[in-house]
Amino acid sequence: AAMALLTTLRWAVHGLDGLLSHGGGLTPFLNAAFAEGALASIAWFLLTRRSGPLSLISFLALELTANVTLAFEAARLVHWLQAPGSQRWGWGPSRAASIAMTLVWALSGAWQWMRGLGQREAARRALLTAGYAWMGIASFKLIVFDLDNADTPLRALAFLGVGAIGMAAATRAHRRHPEGSA
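Residues numbered from 1 in each chain as written. Predicted model: local features only at pLDDT ≥ 70, side-chain atom pairs only at ≥ 80, totals over all residues. Heavy atoms only, no water.

Engineer: Could you clarify how one ought to interpret the layout of surface pockets in this entry?
Structural biologist: Summary: where empty space remains is shown by rolling a probe the size of a single water molecule over the atoms. Approximately 970 Å³ is the volume attributed to the largest pocket. If you go around the largest pocket, you meet 27 residues; those closest to its centre are F59, L62, E63, A126 and L127. Every element with two or more residues in the lining of the largest pocket is listed here: α2 (32-48), α3 (53-81), α4 (95-116) and α5 (121-146). (1 Å grid on protein atoms, 1.4 Å probe; cavity = no way out; pocket = protein on both sides within 12 Å on 5 of 7 lines; lining within 4 Å. Points joined across faces, edges and corners; volume = space filled by probe spheres on them. Helix = DSSP H or I, 4+ residues; strand = E, 2+ residues; numbered from the N terminus.)

Engineer: Quick question: what am I supposed to make of the packing of α3 against α4 here?
Structural biologist: Each pair of packed helices can be described by the angle between their axes along with the distance between the axes. Contact geometry of α3 with α4 gives a least axis separation of 8 Å together with a crossing angle of 140°. Here the hand of the crossing between α3 and α4 comes out right-handed. Here α3 contributes E63, N67, V68, L70, A71, F72, A74, A75, V78 and H79 to the contact with α4, which in turn contributes A96, A97, A100, M101, V104, W105, S108 and Q112. (Axes fitted to C-alpha atoms, helices over the stretch in contact; angles between N-to-C directions. Left-handed = near helix turned anticlockwise from the far one by under 90°. Contact = heavy atoms within 4.5 Å.)

Engineer: I keep staring at the packing of α2 against α3 and nothing clicks. Help me out?
Structural biologist: Running from N to C, α2 and α3 cross one another at 155°; their axes reach a closest spacing of 8 Å. By the angle class used here, α2 and α3 are roughly antiparallel. In the packing of α2 onto α3, the handedness of the crossing is left-handed. Where α2 approaches α3, its residues A33, F34, G37, A38, A40, S41, W44, F45, L47 and T48 are matched on the opposing element by L54, S55, S58, F59, A61, L62, T65, A66, T69, L70, E73 and R76. (Parallel < 35°, antiparallel > 145°, perpendicular 65-115°, else oblique.)

Engineer: For this particular structure, what's the right way to read the nonpolar core?
Structural biologist: The nonpolar side chains of a soluble globular protein tend to be buried with one another. By size, the foremost hydrophobic cluster in this structure holds 30 residues, and its most contacted members are M101, W105, A106, W113 and L147. Mapped by element, the contributors of at least two residues to this core are α3, α4, α5 and α6 (152-176). The dominant element in this core, judged by the number of residues it contributes, is α4, at 10 residues. Here W105 is in contact with N67, V68, A71, W134, M135, I137, A138 and K141, once residues within four sequence places are set aside. (Core = buried A, V, L, I, M, F, W, Y, C linked by side-chain atoms within 4.5 Å. Buried < 20%, exposed > 50% of the residue type's maximum accessible area, 1.4 Å probe, protein only.)

Engineer: Just checking my understanding: could you explain the side chain of K141 for this structure?
Structural biologist: Mapped onto the elements of the fold, K141 is located in helix α5. Within the structure, K141 has its side chain in polar contact with the side chain of D146 (distance 2.8 Å). When residues no more than four places from it in sequence are discounted, the contact partners of K141 are S98, M101, T102, W105 and D146. (Polar contact = N/O pair within 3.5 Å; in protein donor to acceptor, adjacent residues only side chain to side chain.)

Engineer: Mind showing me how you'd approach the pattern of salt bridges here?
Structural biologist: Pairing between side chains of opposite charge can happen when the charged atoms of each approach one another. Under the defined criterion, the tally for this structure stands at three salt bridges. Across the pair E36 and R10 runs a salt bridge, and its minimum N-O distance is 4.0 Å. Note that E36 is positioned in helix α2 and R10 in helix α1 (residues 2-20), a separation of 26 residues in sequence. On the accessibility criterion, E36 (15% relative accessible area) is buried. For R10, a relative accessible area of 42% translates into the label partly exposed. With a closest N to O distance of 2.8 Å, K141 and D146 form a salt bridge. Each member of the pair, K141 as well as D146, carries the same accessibility label: buried. (Salt bridge = Lys/Arg side-chain N within 4 Å of Asp/Glu carboxyl O.)

So this is what it looks like as structure tokens:
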């Protein structure tokens, strides 16, 4: 647990530094911040297999490290694909990179929610809660941060994208459980 915590702290330093420096010119998915986030996530995942309070703490740490690591890498990928000198807003990522982070969280929430439908009671509750939480975080971030000063077509497309993720998850879940137990 201590090694997982130290790896997570080191990842947080690299991840925050990468976000503030617009990716730092790092290749997406082939950099130290991603490797540290992946290793920390694996360590927390292995610790979730234990019983007791460490399992809950490990699950929460896994959720944070895995989802934020993937979101940072999605933003880094968007920066990497954008032309040099593309317009950035504020001190953080570009608007497209920020929306990519939101979509990663929405996809993660939908995937965890659907995955939770087929699990036993304890895992079911944890995955459903995590899925709802990440979908809520994605929706909140989309409304409050991503679409600030955005034009109408961009707002419509972003809302449709996040809404489509939620609708696809609900449709797929209904097909898996047509009797209405979902």
